[in-house]
Amino acid sequence: MVVAFAPGGSADINARAVGQQLSKDLGGTIVVENKGGAGGNLGAQDVKRSAPDGYTFFYATSAVVLAPSLYASPGFDPYTDYVPISLTATIPLVLVVNKDIPAQSATEFIAWAKTQKGKVNYASSGTGALLHLGGALFTKEVGIEATHIAYKGSAPAVTDLLAGATQFMFLPINEAMPHIKGGGIRALAVSHDKRVALLPNVPTLREVTGKSTMDMGAWQGLMLPKGAPADVVTKVTAALQKTVQSKELIDRLDSQGSIMLGGTQKQYVDYMRAEGERWARVIKETGAKAE
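Parameters at a glance
Numbering of residues starts from 1 in every chain and runs along the sequence as written. Local features in this predicted model are restricted to residues of pLDDT 70 or higher, and side-chain atom pairs are both shown and tallied only at a pLDDT of 80 or more, whereas totals for entire chains, interfaces and linings draw on every residue. The basis for every side-chain value is the complete set of heavy atoms in the structure, and neither hydrogens nor water enter the calculation. Only DSSP runs of H or I covering at least 4 residues are called helices, and only runs of E covering at least 2 are called strands; the numbering of each starts at the N terminus. The globule rule is 2.2 Å times the number of residues to the power 0.38, and the radius of gyration it is compared with is taken over C-alpha atoms. For the exposure calls, accessible area comes from a 1.4 Å probe over protein chains only, and a residue counts as buried if that area is under 20% of its type's maximum, exposed if over 50%, partly exposed in between. Contact criterion: two residues are considered in contact whenever any of their non-hydrogen atoms come within 4.5 Å of each other. Methods summary: accessible areas were calculated by the Shrake-Rupley approach with a probe of 1.4 Å, and residue burial reflects only the protein chains presented. Note that His is not counted, nor are the chain ends; the positive residues are Lys and Arg, and the negative ones are Asp and Glu. By convention, the point assigned to a charge is CZ for Arg, NZ for Lys, CD for Glu and CG for Asp. A helix's residues, less one, multiplied by 1.5 Å, set its expected span. Pairs of strands are assigned from DSSP output, requiring at least two bridges between the strands.

Asker: So, the overall build of the protein: which residues are in play, and what are the values?
Answerer: Scanning the protein from N- to C-terminus turns up eleven helices and ten strands. The globule rule puts the C-alpha radius of gyration for 291 residues at 19 Å, and the 19 Å found for the protein is close to it. Here the protein holds 291 residues, and 53% of them are scored as buried. Sequence-distant contacts, at least 24 apart, represent 77% of the contacts inside the protein between residues at least 6 apart. When the accessible surface of the protein is split by element, carbon and sulfur atoms take 53% of a total near 12,400 Å². For the protein, the distance from the average position of its 28 positive side-chain charges to the average position of its 25 negative side-chain charges is 2 Å.

Asker: If you had to explain helix H11 (residues 265-286) to someone new, which residues and values would you point to?
Answerer: Between its first and last C-alpha, H11 extends 31 Å over 22 residues, near the 32 Å set by a 1.5 Å rise per residue. For H11, the set of buried residues is Tyr268, Met272, Glu275, Gly276, Arg278, Trp279, Val282 and Ile283. Buried-residue contacts for H11 involve strand E3 (58-61), helix H3 (63-70), strand E4 (82-98), helix H5 (130-142) and strand E9 (217-225). Taken from the residues just after H11, Gly287 is the one with a positive phi, measuring 70°.

Asker: Hey, could you go over the pairing of E3 for me, with residue numbers and the actual values?
Answerer: Neither face of E3 is exposed, since Phe58 and Ala60 on one face and Tyr59 and Thr61 on the opposite face are all buried. Pairing geometry for strand E1 (residues 2-3) and E3, over two bridges, is parallel. For Val3, the partnering residue across the bridge sits in E3 and is Tyr59. The pairing of E3 with E9 spans four bridges and is classified as antiparallel. Each residue of the ladder has a partner; that of Tyr59, found in E9, is Leu222.

Set out below in structure tokens:
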């Protein structure tokens, strides 16, 4: 199972949990292989070039539908080069601020930021990454001025946020929780359509703004290379449907802030296209480019 990002990140954590359960349901062994680089493009290209014999899985993320709008030649087409099996999970994003920001709520933060003309910076894991686009969408929707600071990964971005070099950012909830619990950053809102169990007292951006446009998450799903045999697709689909309904897996991901999705192949394809169109508009409106 190829994960197009480095070990230890949100996608990797979930891929290993899903892979472990899927191994049981398939009656075989799944080994997670991390092939990071170029915003997830290198891993996606690697899977595209692999033999479509059913022995290579792609644990795809939201990055696959961002690529066509961010790169002139990403090296793959998310809609034609793979066989989507099913969505697996999504990880809500959390709007977090440095602990010294004089705002105890998202409403207070937005009001404060509007008074700081040109002085507010937000961090992300890289230009064109979901965390960048989420921040860009947020600033546009709530009408604040903020400068984007791109880092090479979320870890250095969080380091500077903790130090006060930047004022806010969006983080996947499972990456944010240790720092929220440690008191270094403050959670002000979540990007899901309803409140999440790990932060029950933190409102959604819908609640704060009255808008649903900022419902967003780092979603994931399983794919096979284009040309995979029909019997393999059928077998993997049946096993994955069992996997995503596993109470053990659901509880495991839920404890980390992830939300199981599941669904049919068509639902996966429709979801991807809707997400691709949605973020293409954001990328065009914000002028975001990949590095």
